[in-house]
Amino acid sequence: MAFQAPRGTTDLLPPQAHALDRIQRIACSVFGLYGYGLIETPAFEQLDVFVRGIGQDTDVVGKEMFHVLSPGALAKQAEGAPLRPDDVLALRPEQTASVARAAVQHGLVPPDGATVKLWYRGTMFRAERPQKGRLREFHQVGAECLGAAGPSADAEAVVMLMHFFEECGIPRGALRLLLNSMGDAACRPAYRSQVRAFILDHAADLCPECVRRADTNPLRAFDCKNEGCRQVLADAPRITDLLCDDCAAHYASVKALLDAARVPYEEDPRLVRGLDYYTRTVFEVQADAGLGSQNALGGGGRYDGLIQEFGGRPTPGLGFAVGLERVQLVLEATGNAPDARPVPAAYLAAVDEDARPVVFALAQELRAAGLAAELDHQGRSLKSQFKQADRSGAPVVLVVGPDERAAGAARMRHMGTHEERTVALDAVVDAVKGECTATQEGDQDR
Ligand code: AMP
């Protein structure tokens, strides 16, 4: 049988790969406005990095990790010899734990309390059941802000996330920004006990998984997709009624800052997010168009204990991650996905063999001036070169034949209007630039 890409993975072919690349570039430019620098960490880490950073009892760590064994580790396993922690690796299911590990390893958070802002882009791996918008290998961009305790850091991250979606071209009306506070070490334990008691009181009406969670991680029951469970849990205690004074003040400030920045949000006291490390502010952006049940485009929150988990000094932090495939699905479903196909500025056609070196050199001149140029490499007839030009979407075709060679010129044909004019070879770059500007202006007017 012919080989196929593994289940839940995709080969990103040119238009789709360009579309995701476009979103990554937008992340780079928007996050740069807020002072974030790019960090790249390995695609795999010691398994314990994720166990420590995300939590053993999360779905991500408990059920969805791809484990990696080095050849040395496989040999040890075959011999029954004990494995060391760095023998047992896992593909990253998310990048916050990796960034926290790297921040501690490299002492990125200075002792003077300065803030470090890092953003990342890359593929993540989760062994989930594939469906629309849910892959086993998918792309994220994300941002982590380390060292800032104040509520304006939370609000700034949320504003930046919404700014990013806006620059991607998703209409604000297609998005729902949900906000909650999960409390902290002072108030969450009491809340957890109340939710646990609630689950046990309603065990008969809840699914076995929710009941099991009463003892392991009761707040995760709020993530259950089962409609019956959701209805029962709608009456569960609300964290926002139990926040300690500090958490309540922090949450109120975040909301006031979002109001001041005119960023609309909905408070959702059931929003707990899947990972264990969150404290205080959590947020999620959802969209209905194009996503079906996997409606979360991105989300994150504050994680004031995470850096300490990795052996660093107590350091507040917060961040978010966005799934790029889902952003693209929403752009397509709302009719806002720009044509990501690379289009040459000019196609160069040779009338005869003697013209081929001329168009070859001309193409190079255009490219050196930053203009994409395409030409035939198959010895095709002029007619099929024009067909290729049409297919490429190039706004102009430059034709060189015996007359043009004699005159040191090219014939420039505008593919939209079919107008033609002769352009001296040393004026071709400027003429093509002029056509590109005219085409762009025409596109903007439409
Ligand atoms: P999370 O780390 O689970 O909060 O995920 C952050 C974002 O990554 C989500 O909102 C999704 O957009 C995206 N995401 C998470 N899991 C998947 C997946 N299996 N396939 C595609 N995108 C995903």
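Numbers given to residues run from 1 along each chain, matching the order in which its sequence is written. Under the rules for a predicted model, residues below a pLDDT of 70 receive no local features and side-chain atom pairs below 80 are neither given nor counted, while totals for whole chains, interfaces and linings still include all residues. As a convention, hydrogens and water are excluded, and side-chain values are obtained from all of the structure's heavy atoms.

Participant: Looking at this structure, I do not really get the domain arrangement of the protein chain. What am I missing?
Facilitator: Often, the extent of an interface is quoted as the loss of accessible area upon association of its parts. Where each domain begins and ends follows an automated or database-derived domain assignment. Taken domain by domain, the protein chain consists of domain 1 (14-187 + 243-333) and domain 2 (346-445). Placing the centre of domain 1 and that of domain 2 at their C-alpha centroids yields a distance of 47 Å.

Participant: Sorry, what's going on with helix α6 (residues 151-168) here?
Facilitator: Structural remark: α-helix, 3.6 residues per turn; residues separated by three or four positions point the same way. In DSSP terms, a helix is any run of H or I states spanning at least four residues, a strand is any run of E spanning at least two, and both are numbered starting from the N terminus. To estimate the expected span of a helix, count its residues, drop one, and scale the result by 1.5 Å. The end-to-end C-alpha distance of α6 is 26 Å, a good match for the 26 Å that 18 residues give at a rise of 1.5 Å each. Accessible area is worked out with a 1.4 Å probe on protein chains only. A residue is then buried under 20% of its type maximum, exposed over 50%, and partly exposed in between. Taken together, the buried positions of α6 are occupied by A153, D154, A155, A157, V158, M160, L161, M162, F164, F165 and C168. Positive phi appears at G169, one or two residues downstream of α6, with a value of about 105 degrees.

Participant: Please explain the nonpolar core as it appears in this structure.
Facilitator: For soluble globular proteins, the rule of thumb is that nonpolar side chains tend to be buried together. Among buried residues, the Ala, Val, Leu, Ile, Met, Phe, Trp, Tyr and Cys ones that are joined through side-chain atoms within 4.5 Å form a nonpolar core. If you look at the biggest cluster of nonpolar residues, it comprises 98 residues, and the most contacted ones within it are F31, F164, F165, L233, L297, F320 and V327. The greatest single-element share of this core, amounting to 10 residues, is contributed by α6. Note on contacts: a residue pair is in contact if any heavy atoms of the two residues lie within 4.5 Å. For F31, the contacting residues outside a window of four places in its chain are Y36, W119, V141, G142, M160, F164 and F320. Core analysis: the next-biggest nonpolar cluster, separate from the first, contains 23 residues, A350, L362, L366 and A373 among them.

Participant: Help me understand helix α2 (residues 47-54), please; the structure alone is not making it clear to me.
Facilitator: Considered for burial, the residues of α2 that qualify are L47, V49, F50, G53 and I54. All buried residues of α2 lie within an arc of 160 degrees about the axis, which places them on one face of the element. Check the buried side of α2 and you find it contacts β2 (44-46), α3 (59-63), β3 (67-69), β4 (88-91), α5 (96-105) and α11 (306-309). Just past α2, the residue G55 takes up positive phi, approximately 115 degrees. An arc is given here, and it is the one of the directions from the helix axis to the C-beta atoms.

Participant: How should the pairing of strand β7 (residues 175-181) be read in this particular structure?
Facilitator: Burial runs high along β7: 6 of the 7 residues are buried. Any two strands between which DSSP finds at least two bridges are classified as paired. Bridge analysis of β7 against strand β9 (residues 279-287) gives 7 bridges, and the strand direction is antiparallel. Residue pairing in the sheet places S181 in a bridge with T281 of β9. The sheet contact formed by β7 and strand β8 (residues 266-267) spans 2 bridges and is parallel. Opposite L179, over in β8, you have E267 as the bridge partner.

Participant: What should I look at first to understand the site of the ligand in this one?
Facilitator: Not every one of the 14 residues close to the ligand is listed here, only the nearest: R126, E128, L135, R273 and L297. By the criterion applied in these results, polar contacts are pairs of N or O atoms within 3.5 Å in which, for protein atoms, one can donate a hydrogen and the other can accept it, and in which residues neighboring in sequence qualify only through two side-chain atoms. Separating an oxygen atom of the ligand from a side-chain N or O atom of R126 is a distance of 2.9 Å. Take A296: an N or O atom from its main chain is 3.1 Å from an oxygen atom of the ligand. Its free accessible area being 480 Å², the ligand has 91% of it covered by the protein chains. Sort the elements by how many residues they give to the shell around the ligand and strand β10 (residues 296-302) lands first, with 3 residues. For the shell around the ligand, the class distribution of residues is 5 nonpolar, 4 polar and 5 charged. Residues are counted as near a molecule or strand when any one of their heavy atoms sits within 4 Å of it. Where accessible areas are quoted, they stem from the Shrake-Rupley method and a 1.4 Å probe; at the residue level, only the protein chains shown are allowed to cover. Residue polarity is assigned by list, with Asp, Glu, Lys and Arg as charged and Ala, Val, Leu, Ile, Met, Phe, Trp, Tyr, Cys and Pro as nonpolar; anything else, Gly included, falls into the polar class.

Participant: Explain unusual backbone geometry to me, please; I cannot follow it from the model alone.
Facilitator: Negative phi values dominate among residues other than glycine, just as trans dominates among peptide bonds. For R262, which is not glycine, the phi torsion reads 55 degrees and is therefore positive. Counting through the fold element by element, R262 comes out in the loop between α10 (245-260) and β8. You will see that H418, though not glycine, has its phi angle at about 65 degrees, which is positive. Among the secondary structure elements, H418 is positioned in the loop between β15 (409-414) and β16 (420-424).

Participant: Mind showing me how you'd approach the packing of helix α7 (residues 188-201) against helix α8 (residues 208-216) here?
Facilitator: How two helices sit against one another is set out by the angle between their axes and by the gap between those axes. Helix axes use the C-alpha atoms of the stretch in contact, all axes being lines fitted to C-alpha atoms, and the angles between their N-to-C directions lie in the range 0 to 180 degrees. At a minimum axis separation of 9 Å, α7 and α8 run at an interaxial angle of 145 degrees. The two elements α7 and α8 meet at a crossing, and its hand is left-handed. On the side of α7, the interface is formed by R192, R196, I199 and L200, while α8 contributes C210, V211, A214, D215 and T216. Looking at the contact of α7 with α8 residue by residue, the classes come out as 5 nonpolar, 1 polar and 3 charged. Less than a right angle of anticlockwise turn of the near helix away from the far helix marks a crossing as left-handed, whereas a clockwise turn marks it as right-handed.

Participant: Help me understand the side chain of E404, please; the structure alone is not making it clear to me.
Facilitator: Mapped onto the fold, E404 is located in helix α15 (residues 402-407). The class for E404 is buried, based on a relative accessible area of 11%. Separated by 3.1 Å, the side chains of E404 and R411 make a polar contact.

Participant: Help me out: how do you make sense of the packing of aromatic side chains in this one?
Facilitator: Each aromatic ring pair is described using two quantities: the centre-to-centre distance and the angle formed by the ring planes. Only the six-membered ring of Trp is used, alongside the rings of Phe and Tyr, when aromatic pairs are assigned; centres must lie within 6.5 Å, and planes under 30 degrees apart are stacked while those over 60 apart are edge-to-face, with the rest tilted. Tallied over the full model, the rule gives 6 aromatic pairs. Ring geometry for F164 and F165: centres 5.5 Å apart, planes at 50 degrees, overall tilted. For the pair F164 and F165, a shared accessibility class is recorded, and that class is buried. Linked through ring pairs, F31, Y36, W119, F164, F165, F283 and F320 together constitute an aromatic cluster.

Participant: Explain the sheet that holds β8 here, please?
Facilitator: With mixed pairing, 8 strands are arranged side by side in an open sheet as β1-β5-β6-β11-β10-β9-β7-β8. Of all strands in the sheet, those with a lone pairing partner are β1 (37-38) and β8, marking the two edges. Note: β1 against strand β5 (residues 116-125), 2 bridges, orientation parallel. Across the sheet, residue L38 finds its bridge partner in β5, namely W119.

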